[in-house]
Amino acid sequence: MAQDKEPSGAQKALGDFAPAFVGFTDDVLFGQVWLRPQLSPKERSLVTVAALTTSGNTDQLVFHLGLAKDNGATEEELIEAITHLAFYAGWPKAMAAMTVAKQVFQTS
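Below, the structure is looked at part by part. All of these numbers come straight from a predicted model, not from anything done at the bench.

## Side note on the side chain of Arg44
Then step 1. Within the secondary structure, Arg44 sits in helix α3 (residues 41-55).
Then step 2. We note that Arg44 is buried and unpaired, the nearest opposite charge coming from Glu43 at a distance of 7.3 Å.
Then step 3. When neighbours within four sequence positions are excluded, Arg44 is seen to be in contact with Val33, Trp34, Arg36, Gln38 and Leu39.

Structure, rendered in structure tokens:
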């Protein structure tokens with residue numbers, strides 16, 4: 001990572017504690033996987049929000065809902081995706097995800 005570049009979210013959160021994990025996050029996940037051309041950034045974001053919702057990983061949703069908006073997904077699309085997932089992933093997981101979405105969207 002260049003000295004003049006701001007630290008990534010992974011670097012800020014885990015820094016020296018787990019440098020290999022931070023490297024994989026920054027270099028492989030966001031540096032290679034997210035840049036593959038077979039899916040657009042918006043599509044990758046929608047898939048990621050769906051995966052996080054269905055697995056109940058709401059902590060990661062805060063970042064990924066914001067990233068999804070940056071990647072072109074609208075709040076309406078994200079709300080609809082979570083609503084749709086309620087019928088496949090379960091109501092409690094969708095309720096938890098929707099609560100996070102409401103917090104993220106009302107502060108952005």
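Right, picking up where we left off after that structure.
## Side note on the environment of Phe105
Then step 1. Inspection of the secondary structure assignment puts Phe105 in helix α6 (residues 91-107).
Then step 2. In this structure Phe105 comes out as buried when scored by relative accessible area, which is 9%.
Then step 3. As a C-alpha pair, Phe105 and Leu65 span 40 residues in sequence and 8.5 Å in three-dimensional space.

## Things to note about the packing of aromatic side chains
Aromatic rings considered in pairs are described by the distance between their centres and by the relative angle of their planes.
Then step 1. Within this structure, the stated rule accounts for three aromatic pairs.
Then step 2. A centroid spacing of 6.1 Å and a plane angle of 85° characterise the contact between Phe30 and Phe63, whose relative ring orientation is edge-to-face. Of this pair, Phe30 sits in the loop between α2 (19-29) and α3 while Phe63 sits in helix α4 (residues 58-70), and the two are 33 residues apart along the sequence.
Then step 3. Residue classification places Phe30 among the partly exposed positions, given a relative accessible area of 27%.
Then step 4. Note on Phe63: relative accessible area 47%, which makes it partly exposed.
Then step 5. Aromatic pair Phe87 and Trp91: ring centres 5.4 Å apart, planes at 85°, arrangement edge-to-face.

Conventions adopted
Residues numbered from 1 in each chain as written. Predicted model: local features only at pLDDT ≥ 70, side-chain atom pairs only at ≥ 80, totals over all residues. Heavy atoms only, no water. Helix = DSSP H or I, 4+ residues; strand = E, 2+ residues; numbered from the N terminus. Buried < 20%, exposed > 50% of the residue type's maximum accessible area, 1.4 Å probe, protein only. Lys, Arg positive; Asp, Glu negative; His and termini not counted. Salt bridge = Lys/Arg side-chain N within 4 Å of Asp/Glu carboxyl O. Contact = heavy atoms within 4.5 Å. Phe/Tyr/Trp six-rings, centres within 6.5 Å; stacked < 30°, edge-to-face > 60°.

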